[in-house]
Amino acid sequence: MKRIFIAEKPSVAQQFATALGIRGAKQNGYIESGDDIVTWCVGHLVTMSYPEEYDAALKKWSMDTIPFIPEQFRYEIIPAVAKQFNIVKELLNREDVESIYVCTDSGREGEYIYRLVDQMAEVPDTKKKYRVWIDSQTDEEILRGIREAKPLSEYDSLSDAAYLRAKEDYLMGINFSRALSLKYAWKVKDYLGMDRCVIAVGRVMTCVLGMIVERERSIRSFTPTPFYRVLAAVGKKPEEADNTTLFEAEWRAVPGSKYENSPDLYKENGFREEKKAKELVAYLDEPLPVTLKVEKLTKKTEKKNPPLLYNLAELQNDCSRIFKINPSQTLEIVQELYEKKMVTYPRTDARVLSTAVAKEIDKNLRGLGSYPELGGYANYVVQQGGHKGIAKSRYVNDKQITDHYAIIPTGQNVGQAASLPHVKAGVYDLIVRRFLSIFYPPAEYQKVAIELMRHEEHFFANFRSLVKPGYLVIADRNYGKKKEKAEAEETGAKPEEGKGSAEDSNEKTLDPEEAARLVEGLRKGSILSCNGFVIKEGETTPPKRYASGTLILAMENAGQLIEDEELREQIKGAGIGTSATRDAIISKLVKNEYIALNQKTQIITPTFLGEIIYDCVLYSIRGLLRADLTASWEKGLAGVADGSITADEYMTKMSDYVSKYTNYVKGLSNQNQITRVFDQTKPYYTSAKSKAKKQANGGKK
């Protein structure tokens with residue numbers, strides 16, 4: 001009897017055939033040799049049927065036919081791939097095929113792809129069905145996955161979650177899009193002068209649109225607040241007769257200050273009005289000589305550990321920032337690296353390794369020994385045994401892994417890195433550096449904090465110097481070139497902002513020698529000269545617009561967007577969308593022209609149409625814009641996958657929600673109110689268009 005292996009696409013099927021040693025000739029849609037057959041899907045072969053397949057009358061959009069919630073959902077073969085489906089169907093049902101090994105991507109979507117094929121092909125349960133779950137496409141991992149394959153039935157809960165996710169998106173998309181389009185589309189079409197208009201909404205897509213619009217409106221409504229900081233130019237000891245300024249120290253209204261809790265303050269280190277700052281300076285300038293006494297001087301060593309490993313969201317954020325590519329491009333690149341066996345499975349939310357992988361991590365390290373730029377670091381780790389204690393570190397935690405561990409290099413096919421195009425090579429390099437850095441010691445900084453006094457007023461200065469680079473020599477690609485800037489980015493240190501924030505830490509990064517010279521001979525009670533006081537004007541800044549990468553992170557960490565602490569705790573660990581779908585959501589919003597993505601900067605802004613769609617939802621099904629509700633749905637699907645929530649419970653709640661709000665929209669009569677809301681936003685886009693036209697005409701009107 002034969003066994004059949006079914007992969008998600010042809011290239012992956014070929015990897016399985018190679019690992020299994022199948023040398024048979026490639027047939028029309030499959031490979032067969034001896035007792036083994038390898039075949040493939042081409043992505044989805046089956047899809048959910050449109051409403052008109054249930055009843056021809058449902059093709060016409062009408063309020064009378066919604067909410068549409070079928071008791072039994074229908075599915076159909078996608079016409080463009082019907083030929084491959086029929087090949088797969090025939091193979092799965094062959095009498096000589098005894099065992100089926102499901103080798104689609106190891107995740108919810110991969111599970112769904114096969115289950116639909118199994119359902120539509122009517123594969124009998126008398127055949128033995130196994131699930132292959134792998135983290136990379138190396139031969140060893142493929143063979144391990146086959147060897148340790150579990151009965152497909154053990155993944156029934158994951159399958160339930162996959163079906164429910166599709167049903168949820170289907171029901172919300174069809175019912176809410178039809179309801180909102182029938183209610184408001186004609187208003188939107190006339191207002192914008194469009195030929196036709198469909199108001200497309202979705203469970204995740206609309207929530208993300210809401211995040212972008214709300215951020216834009218926060219920026220638009222932001223009113224800058226000026227503030228005035230007072231800095232002291234601190235010099236050497238008075239007896240040294242040298243007016244060189246060593247450093248600047250910042251005044252703060254700490255307890256004991258005459259300005260403590262004063263209404264004139266903007267935060268503790270700035271005044272609302274310049275005249276108040278001048279009053280302070282005048283007070284401090286008398287009597288002569290102007291000196292400052294060291295009230296406190298502390299030195300401490302601060303360690304900065306290597307960051308956790310990459311999951312897809314973190315990698316997409318870094319690639320957006322460094323290479324200016326969008327999340328879809330990042331996923332495409334990492335998927336290619338995965339299929340080349342160079343990195344592990346990309347669609348993961350975990351940032352740690354499993355205990356099992358940690359035990360064999362030396363294989364990955366040894367393989368990286370031939371990687372040109374970093375091979376020496378990998379070899380050093382192996383030689384020194386720096387990997388042996390990794391299982392007890394924060395980088396290994398089975399409890400923080402659901403389907404897959406973090407993205408790491410496999411150590412295989414390293415030689416192919418040299419032939420990769422620039423950006424692809426750069427993405428691989430990022431993954432390698434992040435991986436190797438966890439085996440190196442923390443970066444160590446010497447931090448010095450100085451507190452000075454003049455009268456009862458206090459001034460503060462902070463310095464830090466990198467004394468041991470530790471993992472930074474690997475993790476920072478610019479180390480030794482733009483060292484200070486790169487260190488600040490890597491460690492999350494706040495750069496000096498000058499204008500912009502009253503929360504400026506006034507911390508300077510210095511070379512160790514310079515820092516030592518600066519504090520040489522200083523101790524509590526030391527007297528230093530003051531070369532004058534400077535008033536620096538600043539201004540509060542609005543929140544930043546989302547870039548494609550920061551939006552992905554915001555989607556992943558949806559709980560941080562929720563103000564209510566109890567709600568935030570309830571959905572802890574839940575995000576908006578999944579690692580496998582977030583990039584597609586952004587792409588869909590761009591395709592629908594609801595948002596604009598600047599390809600050079602990766603900055604995201606809403607379009608006028610996007611803001612109009614937002615307002616239509618805001619005044620009808622407001623819950624679609626709520627991050628907590630969207631994240632709770634995602635958490636509910638995770639509950640179905642792990643068996644803590646039944647599929648029937650979830651389906652009932654979801655159907656009730658769709659019915660309730662579809663009927664609610666049907667009863668609304670607020671179209672004129674909606675138009676007035678559009679009018680409030682229109683001037684921003686009218687002025688932007690006029691400005692663009694003026695620039696195109698060389699500044700002429």
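What you see is a predicted model; the values in this text were computed from it and never measured. (Residues numbered from 1 in each chain as written. Predicted model: local features only at pLDDT ≥ 70, side-chain atom pairs only at ≥ 80, totals over all residues. Heavy atoms only, no water.)

Participant: Residue-level account of the overall build of the protein, with values.
Facilitator: Across its full length, the protein holds 23 helices and 17 strands. Principal-axis analysis of the C-alpha atoms places the extent of the protein at approximately 100 × 75 × 55 Å. Each of the 701 residues in the protein was classed as buried or not, and the buried ones make up 52%. Look at the contacts in the protein between residues 6 or more apart in sequence, and 78% of them connect residues 24 or more apart. Roughly 33100 Å² of accessible area belongs to the protein as shown, and the carbon and sulfur atoms make up 48% of that amount. Side chains of the protein give 101 positive and 98 negative charges; the mean places of these two sets differ by 3 Å. (Helix = DSSP H or I, 4+ residues; strand = E, 2+ residues; numbered from the N terminus. Buried < 20%, exposed > 50% of the residue type's maximum accessible area, 1.4 Å probe, protein only. Contact = heavy atoms within 4.5 Å. Areas by Shrake-Rupley, 256 points an atom, 1.4 Å probe, with all protein chains shown as cover. Lys, Arg positive; Asp, Glu negative; His and termini not counted. Charge placed at Lys NZ, Arg CZ, Asp CG, Glu CD.)

Participant: So, unusual backbone geometry: which residues are in play, and what are the values?
Facilitator: Across the junction of isoleucine 66 and proline 67, the peptide omega takes the value 5°, indicating a cis bond. Positionally, proline 67 belongs in the loop between β4 (46-48) and β5 (75-77). Here leucine 288 and proline 289 are connected by a cis peptide whose omega angle stands at -10°. Looking at where proline 289 falls in the secondary structure, it is placed in the loop between α7 (274-284) and β11 (291-304). Backbone geometry at lysine 267 places phi at a positive 60°, although glycine is not the residue there. Its identity is not glycine, yet glutamine 602 carries a phi of approximately 70°, on the positive side. Relative to the helices and strands, glutamine 602 is located in the loop between β16 (595-597) and β17 (604-606).

Participant: Which residues make up the pattern of salt bridges, and what values go with them?
Facilitator: Scanning all chains against the criterion turns up 43 salt bridges. Across the pair arginine 203 and aspartate 169 runs a salt bridge, and its minimum N-O distance is 2.9 Å. Within this pair, whereas arginine 203 is found in the loop between α5 (156-192) and α6 (205-221), its partner aspartate 169 is found in helix α5, the two being separated by 34 residues in sequence. Residue classification places arginine 203 among the buried positions, given a relative accessible area of 3%. Classification of aspartate 169 by relative accessible area gives partly exposed; the value is 28%. Each member of the salt-bridge network shares a partner with another, and the members are Arg108, Glu109, Arg165, Glu168, Asp169, Arg203 and Glu634. (Salt bridge = Lys/Arg side-chain N within 4 Å of Asp/Glu carboxyl O.)

Participant: Please set out the sheet that holds strand β8 (residues 150-151) residue by residue, giving values where relevant.
Facilitator: Across the sheet, which stays open at both edges, the six strands sit in the order β2-β3-β1-β6-β7-β8 with mixed pairing between neighbours. Looking at which strands have only one partner, the edges of the open sheet turn out to be β2 (30-33) and β8. Relative to strand β6 (residues 97-103), strand β1 (residues 2-7) runs parallel, the two being bridged by six bridges. Pairing of alanine 7 across the sheet is with cysteine 103, part of β6. The strands touched by helix α1 (residues 10-20) are β1, β2, β3 (36-40) and β6; relative to β3, the strand with the most contacts, the crossing angle is about 160°. (Pairing = 2+ DSSP bridges. Axes fitted to C-alpha atoms, helices over the stretch in contact; angles between N-to-C directions.)

Participant: Describe in detail helix α17 (residues 548-556), supporting the description with residues and values.
Facilitator: With eight of its nine residues buried, α17 lies for the most part within the structure. Of all the positions in α17, only Ser548, Gly549, Leu551, Ile552, Leu553, Ala554, Met555 and Glu556 are classed as buried.

Participant: Now, about the environment of leucine 528: what can you tell me, with residues and values included?
Facilitator: As for its placement among the helices and strands, leucine 528 is situated in strand β15 (residues 527-539). On the basis of relative accessible area, leucine 528 is assigned to the buried category, the value being 2%. For the pair leucine 528 and asparagine 462, spaced 66 residues apart in sequence, the C-alpha separation works out to 16 Å. For leucine 528, the residues in contact, after removing those within four places along its chain, are Val234, Gly235, Lys236, Lys237, Pro238, Thr291, Leu292, Val294, Leu452 and Leu522.

Participant: Residue-level account of the pairing of β2, with values.
Facilitator: By the bridge criterion, four bridges tie β2 to β3 in an arrangement that is antiparallel. Bridge pairing in β3 places glutamate 32 opposite isoleucine 37. Connecting β2 to the next strand, β3, in antiparallel fashion are two residues, including glycine 34 with a positive phi near 60°.

Participant: Please set out the packing of aromatic side chains residue by residue, giving values where relevant.
Facilitator: Scanning the model with the defined rule gives 25 aromatic pairs in all. With a centroid separation of 4.9 Å and 25° between ring planes, the pair formed by phenylalanine 5 and tyrosine 101 is classed as stacked. Of this pair, phenylalanine 5 sits in strand β1 while tyrosine 101 sits in strand β6, and the two are 96 residues apart along the sequence. Across the pair, exposure class does not vary: phenylalanine 5 and tyrosine 101 are buried alike. Ring geometry for phenylalanine 435 and phenylalanine 439: centres 5.2 Å apart, planes at 80°, overall edge-to-face. Each member of the pair, phenylalanine 435 together with phenylalanine 439, is buried. Aromatic rings pair up to connect Phe176, Trp633, Tyr657, Tyr661 and Tyr664 into one cluster. (Phe/Tyr/Trp six-rings, centres within 6.5 Å; stacked < 30°, edge-to-face > 60°.)

Participant: Talk me through the state of the cysteines; I want residue IDs and the actual numbers.
Facilitator: In this structure the tally under the stated criterion is zero disulfides. Take cysteine 103: it sits in no disulfide, and the sulfur closest to it among the cysteines is that of cysteine 41, at 10 Å. (Disulfide = S-S within 2.5 Å.)

Participant: Describe in detail the environment of lysine 536, supporting the description with residues and values.
Facilitator: Checked against the element boundaries, lysine 536 lands in strand β15. According to the relative accessible area criterion, lysine 536 is partly exposed, its value standing at 29%. Between the C-alpha atom of lysine 536 and that of arginine 229, which follows or precedes it by 307 residues, the distance is 5.2 Å. If sequence neighbours within four positions are ignored, lysine 536 has contacts with Phe227, Tyr228, Arg229, Leu231 and Glu248.

Participant: Go over helix α2 (residues 82-92), please, and point to the residues and values.
Facilitator: The complete set of buried residues in α2 reads Gln84, Phe85, Ile87, Val88, Leu91 and Leu92. In a view along the axis of α2, the buried residues occupy a sector of 160°, so they form one face of it. Exposed positions of α2 whose direction lies more than 90 degrees from the buried face are Lys83 and Glu90. (Arc of directions from axis to C-beta.)

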